[in-house]
Amino acid sequence: MKYSNYSVLIIGGGAAGLFLAHKLSFSNNLKDGILLVTKGKLGESNTKYAQGGIVGVMPDNKEDSTELHIKETISSGCGLNDFASVSFISEHSCAAIEDLIRAGVQFDRDENNNLIYTLEGAHSVPRILHGAGDATGRVIEEGLVDAVLRAKNIEVYENAMAVDLLLDRARDCKGAVIYRADIDDYEAIYSGATVLATGGVGQVYKYTTNPSLATGDGLVLAKSAGCEIKDMEFIQFHPTALNVKDDVKMPLVSESVRGEGAVIVNRFGEEFISKYDERGSLAPRDVVSGIVHKYLKENPDDSIYLDISRIGLENFERRFPTITSICREHDIILENMLIPVTPSAHYCMGGVKANVAGETDVNNLFAIGEVACTGLHGANRLASNSLLECIVCASELARKIDKKEFSSIKKIDDEIKKTLSIYDEARELPEYNCDEIRRRIKNIMWRYVGIEREEKGLLQALFDLKEIGRILGSDKKCLNREQYELKNLLRVAEIITRAAFARKKSIGAHKRIDYIESEPLIVGDYREDELFVK
Ligand code: FAD
Ligand code: SIN
């Protein structure tokens, strides 16, 4: 096995990992350099598919304020948010946007070169910046990839998957084991700081907007290292994925389409959401998905559409070029003004417990972006707060690392040698049909741990997942990336299901039909009247 040494190892090349690498490229403190590993091609990530935009509470937006953004984030999260994280991230949003612009990211502007803001569900004012209309994620990803590739002190490994963490006897993290698919071999990376920026878990569900790499790897690595994992029952279902029933990845129809005037209707063209919630199609995402799900359960022959007639075709095509071409690729006739949509798993509010600088329970192991749970989102994320969290937390972690004292590894201790020996050892490993088993996990989760949950279904899910565990066995070493991902998906599925079982209340994105009574709105360790005292 090859051994390498870096000051910082960043696992993941989405917004969080790339932005951290970019910020660290200016540090003079990292004499062994930075390695960024990504399990696919650089740029392939959830980030790349983000459409609606990124929250920025900007001084030129006179209607807006951090107080308002904080309040709406907490109200969307049903009060289960961490107030300190929410206020920190909101107060750093303007700096984050300015930093992105400096890094080369171009947000949409009007004819006077002013930034343009759009609206999404549960925001009371337009405060969402976007790029190339509805390709904000691609614009951010491309801008940051360019910046990272230009930097002299960053090395990038593509097709390189972190499969284990190197923990010494004191349980300090000293790096990771990387499986390099191109050469079918392992490499031990020793690092002074190891950062999980591995993104979400959407692939655990049959229908998801997340690409196939979103298998919760970082979460499983952190859990195995002894980190606390939080809030995993809170999975956000987006109400308007394009209804193409693709069980690998569902294309999204951004919430900003509703922000610009579209409404959710049934097949008779009737707007029905406002019968259940006066905020209608722009109610918080958990509310809209819950209503759509209930409506379709009660009206199984009906279908749901986005009626775009208030936007008008010409406007729509200009403002949403990505969604327009996705619709055309799927033979949807936009001239009819109706886009067929359906709920789909989209975002994980839970994750590795971390503060806004990515610090976890394990020394020298950090988590940022969707894999982390800083408490920003509570029980339901406010739209476009995720990209913001990636950038603010990456920036804060970069500041921490820049000041860190690095000591080079002098001796590899026995605990680390034991971990490495697993991957050094040549032996026969079992083969199984990864595609088929992946589909089974996705079906179980969709059926029993989806938008609505109840005890009977959750127990059935745990039973079925256990059966799959028997097939996969307990070996840590696997044959290939597909097997590693499958084992991670299974662990993530179990974690979500156990968390959903444990919370015997309905709140936010966690809807227990056997416990429909909601928790009180504010349940954090603060009172609503204390929220804005500085
Ligand atoms: P990702 O962007 O998912 O990147 C994870 C990276 O980690 C990838 O490079 C992956 O290859 C790598 N990786 C994973 N596991 C391993 C491993 N074991 N070894 C090595 N590398 C690994 N949020 C918003 O705020 N606004 C939006 O408009 C918006 N729209 C969205 C639209 C879609 C379709 C989706 C799916 C999400 C959207 N989100 C949006 C959510 C947001 O895009 C994500 O939460 C955010 O981009 C996550 O960034 P990240 O850097 O944490 O992870
Ligand atoms: C969207 O564009 O609808 C996605 C926004 C988000 O997930 O924050």
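See the structure shown above.
Here is a short report on the structure shown in this document. (Residues numbered from 1 in each chain as written. Chains lettered and ligands numbered in written order. Predicted model: local features only at pLDDT ≥ 70, side-chain atom pairs only at ≥ 80, totals over all residues. Heavy atoms only, no water.)

1. Comments concerning the overall build of the protein
On a plain count of helices and strands, the protein comes out with 16 helices and 19 strands. Radius of gyration (C-alpha) of the protein: 22 Å, near the 24 Å computed for a compact globule of 534 residues. Within the structure as shown, the protein displays about 21600 Å² of accessible surface, and the carbon and sulfur contribution to it stands at 47%. In the protein, the 67 positive side-chain charges and the 82 negative ones have mean positions that sit 4 Å from each other. (Helix = DSSP H or I, 4+ residues; strand = E, 2+ residues; numbered from the N terminus. Rg over C-alpha atoms; globule rule 2.2 N^0.38 Å. Areas by Shrake-Rupley, 256 points an atom, 1.4 Å probe, with all protein chains shown as cover. Lys, Arg positive; Asp, Glu negative; His and termini not counted. Charge placed at Lys NZ, Arg CZ, Asp CG, Glu CD.)

2. Comments concerning the sheet that holds strand β15 (residues 351-353)
Spatial strand order, β10-β15-β17: three strands in an open sheet with mixed pairing. Across the chains shown, the open sheet's two edge strands, defined by having one partner strand only, are β10 (229-230) and β17 (372-373). Across the sheet, helix α6 (residues 217-225) is in contact with β10 and β15; its angle to β15 comes to roughly 40°. (Pairing = 2+ DSSP bridges. Contact = heavy atoms within 4.5 Å. Axes fitted to C-alpha atoms, helices over the stretch in contact; angles between N-to-C directions.)

3. Quick notes on the site of ligand 1
Around ligand 1, a shell composed of 39 residues is seen, among which Thr 47, Gly 53, Glu 370, Ser 386 and Leu 387 lie nearest. A distance of 3.1 Å is found between an oxygen atom of ligand 1 and a side-chain nitrogen or oxygen belonging to Thr 38. Measuring from a nitrogen atom of ligand 1, one finds a backbone N or O atom of Gln 51 at 3.4 Å. Contact with the protein chains removes 99% of the 1000 Å² of surface that ligand 1 exposes when unbound. (Near = heavy atom within 4 Å. Polar contact = N/O pair within 3.5 Å; in protein donor to acceptor, adjacent residues only side chain to side chain.)

4. Some points on unusual backbone geometry
Positive phi outside glycine occurs at Ala 132, with the angle close to 45°. Relative to the helices and strands, Ala 132 resides in the loop between β5 (128-129) and α5 (136-150). Exposure remark for Ala 132: the relative accessible area of 32% places this residue in the partly exposed category. Even without being a glycine, Asp 331 presents a positive backbone phi close to 60°. Considering the arrangement of structural elements, one finds Asp 331 in the loop between α11 (321-329) and β14 (338-348). (Buried < 20%, exposed > 50% of the residue type's maximum accessible area, 1.4 Å probe, protein only.)

5. Here's the deal with the site of ligand 2
By nearness alone, every residue bordering ligand 2 is listed as Gln 51, Gly 52, Glu 120, His 238, Leu 252, Ser 254, Glu 255, Arg 285, His 346, Arg 381, Ala 383 and Ser 384. A distance of 2.8 Å is found between an oxygen atom of ligand 2 and a side-chain nitrogen or oxygen belonging to His 238. One of the side-chain nitrogen or oxygen atoms of Arg 285 is found 2.9 Å away from an oxygen atom of ligand 2. Considering ligand 2 on its own, with 260 Å² of exposed area, one finds that the protein chains cover 93% of that surface. Within the shell around ligand 2, the residues separate by chemical class into two nonpolar, six polar and four charged. (Nonpolar A, V, L, I, M, F, W, Y, C, P; charged D, E, K, R; others polar.)

6. Section: a positive patch on the surface
Residues Lys 223, Lys 466, Arg 491 and Arg 498 make up a contiguous surface patch of positive charge. As for its position among the elements, Lys 466 is in helix α15 (residues 455-472). With a relative accessible area of 54%, Lys 466 lands in the exposed category. (Patch = residues over 30% accessible without salt bridge, like charges linked within 9 Å, V, L, I, M, F, W, Y side chains within 5 Å. Salt bridge = Lys/Arg side-chain N within 4 Å of Asp/Glu carboxyl O.)

7. Points about the sheet that holds strand β11 (residues 235-242)
Read across the open sheet, the four strands follow the order β11-β14-β13-β12; overall the sheet is antiparallel. Each edge of the open sheet carries a strand with a single partner, namely β11 and β12 (263-265). In this sheet, adjacent strand axes meet at a mean angle of 45° when their direction is disregarded. Two strands pair when backbone bridges link them, and β12 and strand β13 (residues 304-307) are joined in this way by three bridges, in the antiparallel orientation. Opposite Val 263, over in β13, you have Asp 307 as the bridge partner.

8. Focus on the state of the cysteines
What the rule picks out here adds up to zero disulfides. Distance from the sulfur of Cys 227, which forms no disulfide, to the nearest cysteine sulfur (Cys 173) is 8.6 Å. Residue classification places Cys 227 among the buried residues on the basis of a relative accessible area of 5%. Residue Cys 434 stays outside any disulfide, its sulfur separated by 8.3 Å from that of Cys 478, the closest cysteine. (Disulfide = S-S within 2.5 Å.)

9. With respect to the nonpolar core
Counting residues in hydrophobic clusters, the biggest one holds 60 residues, and the most contacted among them are Val 204, Tyr 205, Ile 441, Met 445, Val 449 and Ile 496. Looking at which element gives the most residues to this core, the answer is helix α16 (residues 481-502), with nine residues. Among the nonpolar cores identified, the runner-up in size contains 58 residues, and Ile 34, Ile 89, Leu 115 and Leu 129 belong to it. (Core = buried A, V, L, I, M, F, W, Y, C linked by side-chain atoms within 4.5 Å.)

10. Section: the packing of helix α14 (residues 434-448) against α15
Here α14 crosses α15 at 170°, and the two axes come no closer than 9 Å. Here α15 runs roughly antiparallel to α14, going by the angle between their axes. Between α14, through Ile 437, Arg 440, Ile 441, Ile 444, Met 445 and Tyr 448, and α15, the contact on the second element is made entirely by Gly 457, Leu 458, Gln 460, Ala 461, Asp 464, Leu 465, Ile 468, Ile 471 and Leu 472. (Parallel < 35°, antiparallel > 145°, perpendicular 65-115°, else oblique.)

11. A short note on α15
For α15, which comprises 18 residues, the first-to-last C-alpha distance of 26 Å matches the rise-based estimate of 26 Å (1.5 Å per residue) to within 8%. Of all the residues in α15, the buried ones are Gly 457, Leu 458, Ala 461, Leu 462, Asp 464, Leu 465, Ile 468 and Leu 472. Where α15 is buried, its residues contact α14, β18 (452-453), α16 and β19 (511-512). Just downstream of α15, Gly 473 is the residue with a positive phi angle, here 75°. (Expected span 1.5 Å × (residues − 1).)

12. Remarks on the pattern of salt bridges
Applying the stated criterion across every chain, the model contains 36 salt bridges. Salt-bridge contacts for Glu 415 lead to Lys 418; the nearest nitrogen and oxygen are separated by 3.9 Å. With Glu 415 and Lys 418 both in helix α13 (residues 414-424) and three residues apart, the pair spans about one turn of that helix. What makes Glu 415 partly exposed here is its relative accessible area of 27%.

13. Some remarks on the packing of aromatic side chains
Under the counting rule described, the total for this entry stands at nine aromatic pairs. Ring plane angle 90° and centroid distance 5.1 Å describe the contact between Tyr 207 and Trp 446, whose orientation is recorded as edge-to-face. On the criterion of sequence distance, the pair formed by Tyr 207 in the loop between β9 (185-196) and α6 and Trp 446 in helix α14 is long-range, its members being 239 residues apart. Residue class for Trp 446 comes out partly exposed when judged on its relative accessible area of 26%. Ring plane angle 45° and centroid distance 5.2 Å describe the contact between Phe 316 and Phe 320, whose orientation is recorded as tilted. (Phe/Tyr/Trp six-rings, centres within 6.5 Å; stacked < 30°, edge-to-face > 60°.)

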